[in-house]
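Listed here are the chains, written in short residue letters.
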Amino acid sequence: MTLLMGIVNVTPDSFSDGGRYVGVDDAIAHGRALAAAGADILDIGGESTRPGAERVPPEVELARVLPVIEALAADGTMISIDTMNAATAAAAIDAGALIVNDVSGGQSDPEIIEVVADSEVHFAIGHWRGPSDRMYARAHYDDVVDEVIAELEERRHEALAAGIPPARLILDPGFGFGKRGDQNWELLCGLERVVAMESRVLVGTSRKGFLAATLEEHGEPTQERRDLATAVTSVRAAVAGVWAVRVHDVAATRDALAVWERATTGEGRS
Ligand code: PMM
C-alpha cells in the first residue's frame, strides 16, 4: 500500500509578538487536518524550493519549523523535515523528526549526510541539478530516466559510504527539479525503472508546473484542477510501486488511491 505524505509548508511571512511565526499555529492545525484526512507522514518545510525562490538562513528556517515539528510529533504522527541544511536536520531530529527529506540529496550541504549517519532516521535523497535559480539551465538529458537513475545511484553510494544503512534510504526522482515540462512526463512514464533500483521510492508531483502546463489546454489551471491532476499522477506512481507520494491535498489522493485499489484488486483499505 502506497503511503501518503502530506505537505506542511510553514508560512514565511512575519513574526508575531511572541517571537513565533504567525504561520506556526496555522501550520500545526493544517498538519492535524492532513493527518485526520489520512496522511501517514507529514513533511514539514520552512524554506521554499520552488523555481526562483530565495534561500532562507537556517536559523530562520529552524524558527519556523521547530514548534510545528514538536507539536505534530507529540501527536504521534511520523514527521519528515524538508530541508537542505544540516543544522536544521539535526535540530529537527532532536525534536522528533524520523525522516530527513533533502531535495538536493546531500549536495547543498554535504554535512547533512553525517547528521543522518549519526542518527537513526531515514534519508530521502532527491535528484537535483543545482539551486532553483540555475536548475533549468542544467535541464539537458539524452535520456532523463537513465540519467536520473545514474545520478541517484551516485548519491546513494555517498550515503552508504557515510554509513547510512540501505534500509534507511529513500530515493526521489525530483519532479520539477532540473527538469522541464516534458522531461517530467517522460520520468513519470519510466518510474518502474526507478522503483527497480530497490530502494523505497518517494514521488512528489503535487501542483507542479508540468501538470499546470497540460491543464492550461482547457483554461486556468486552478488549485482544484492541479489537485485532481496530482491525484492521477500519484495513482500512476502507485501503479509503478512507489513507497510514498508527497501531496498537498491528502484527501483527493487518498480517494483516488482507494478507488484505484478497489478497481484493480477488488480489495481496499476498508
Ligand atoms: N518538491 C518540493 C519540495 N520538497 N521533497 C521531495 N521529497 N520531493 C519533491 O518532489 C519535493 C520535495 C517542491 O514542492 P512544494 O514547493 O510544493 O513543496
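Here, every reference points to the structure presented above.
Read on for an overview of the structure. (Residues numbered from 1 in each chain as written. Predicted model: local features only at pLDDT ≥ 70, side-chain atom pairs only at ≥ 80, totals over all residues. Heavy atoms only, no water.)

## Re the overall build of the protein chain
Looking only at helices and strands, one finds ten helices and eight strands in the protein chain. Computed over the C-alpha atoms, the radius of gyration of the protein chain is 18 Å, within 12% of the 18 Å expected from 2.2 N^0.38 for a compact globule of 270 residues. Seen through its principal axes, the protein chain has C-alpha atoms that stretch 50 × 40 × 35 Å. The burial tally for the protein chain puts 52% of its 270 residues in the buried class. (Helix = DSSP H or I, 4+ residues; strand = E, 2+ residues; numbered from the N terminus. Rg over C-alpha atoms; globule rule 2.2 N^0.38 Å. Buried < 20%, exposed > 50% of the residue type's maximum accessible area, 1.4 Å probe, protein only.)

## Regarding the packing of helix α2 (residues 58-74) against helix α3 (residues 86-94)
The contact between α2 and α3 brings their axes to 10 Å, and the two run at 20°. Considering their axes alone, α2 and α3 lie roughly parallel with respect to each other. Considering only the axes of α2 and α3, their crossing is right-handed. Where α2 approaches α3, its residues Pro-58, Glu-61, Leu-62, Val-65, Leu-66 and Ile-69 are matched on the opposing element by Thr-88, Ala-91 and Ala-92. Looking at the contact of α2 with α3, its residues break down into seven nonpolar, one polar and one charged. (Axes fitted to C-alpha atoms, helices over the stretch in contact; angles between N-to-C directions. Parallel < 35°, antiparallel > 145°, perpendicular 65-115°, else oblique. Left-handed = near helix turned anticlockwise from the far one by under 90°. Contact = heavy atoms within 4.5 Å. Nonpolar A, V, L, I, M, F, W, Y, C, P; charged D, E, K, R; others polar.)

## Focus on helix α1 (residues 23-36)
If you check α1, its first and last C-alpha atoms are 20 Å apart, about what 14 residues at 1.5 Å a residue would give, namely 20 Å. When α1 is considered as a whole, its buried residues turn out to be Gly-23, Val-24, Ala-27, Ile-28, Gly-31 and Leu-34. Buried residues of α1 fall within an arc of 135° about the axis and therefore sit on the same side. Projecting away from the buried face of α1 at angles above 90 degrees are the exposed residues Asp-26 and Ala-36. Check the buried side of α1 and you find it contacts β1 (3-9), β2 (41-45), α2 and α10 (250-265). Gly-38 sits one or two positions beyond α1 and adopts a positive phi of about 120°. (Expected span 1.5 Å × (residues − 1). Arc of directions from axis to C-beta.)

## Some points on the sheet that holds strand β3 (residues 78-82)
Read around the closed barrel, eight strands run β1-β2-β3-β4-β5-β6-β7-β8, paired in parallel fashion. Along the sheet, successive strands turn relative to each other by an average axial angle of 25°, direction set aside. Pairing of strand β5 (residues 122-126) with strand β6 (residues 169-172) involves four bridges; the strand directions are parallel. For Ile-125, the partnering residue across the bridge sits in β6 and is Leu-171. (Pairing = 2+ DSSP bridges.)

## What to know about the side chain of His-127
Turning to its location among the elements, His-127 is positioned in the loop between β5 and α5 (144-161). Residue class for His-127 comes out buried when judged on its relative accessible area of 2%. In this structure the side chain of His-127 is engaged in a polar contact, spanning 2.7 Å, whose partner is the side chain of Glu-151. (Polar contact = N/O pair within 3.5 Å; in protein donor to acceptor, adjacent residues only side chain to side chain.)

## Some details on the pairing of β2
In terms of burial, β2 is largely enclosed, as five of its five residues are buried. Neither face of β2 is open: one carries Ile-41, Asp-43 and Gly-45, the other Leu-42 and Ile-44, and all of them are buried. Strand direction decides the pairing type here: β2 and β3, joined by five bridges, are parallel. Bridge pairing in β3 links Ile-41 to Met-78.

## Here we look at the nonpolar core
Counting residues in each nonpolar core, the largest one holds 65 residues, and the members touching the most others are Ile-44, Val-68, Val-100 and Phe-123. When residues of this core are assigned to their parent elements, the largest contribution, six residues, is made by α5. With eight residues, the next largest nonpolar core counts Met-5, Ile-170, Leu-202 and Trp-243 among its residues. (Core = buried A, V, L, I, M, F, W, Y, C linked by side-chain atoms within 4.5 Å.)

## Quick look at unusual backbone geometry
Backbone geometry places Glu-198, a non-glycine residue, at a positive phi of 65°. Relative to the helices and strands, Glu-198 is located in the loop between α7 (191-195) and β7 (200-203). On the accessibility criterion, Glu-198 (73% relative accessible area) is exposed. Positioned with a positive phi, Arg-207 is a non-glycine residue whose angle comes to about 60°. By secondary structure assignment, the location of Arg-207 is in the loop between β7 and α8 (209-215). What makes Arg-207 buried here is its relative accessible area of 17%.

## Digging into the pattern of salt bridges
Close approach of charged atoms lets side chains of opposite charge pair. Per the counting criterion, the structure on display carries 13 salt bridges. Between Arg-155 and Glu-154 there is a salt bridge whose closest N-O contact spans 3.9 Å. Residue Arg-155 is classed as buried on the basis of its relative accessible area, which comes to 11%. Take Glu-154: its relative accessible area is 46%, and that puts it in the partly exposed class. By sharing partners, the salt bridges in this structure join Asp-43, Asp-82 and Arg-246 into a single network. (Salt bridge = Lys/Arg side-chain N within 4 Å of Asp/Glu carboxyl O.)

As far as function goes, none of this settles anything; it's purely spatial.
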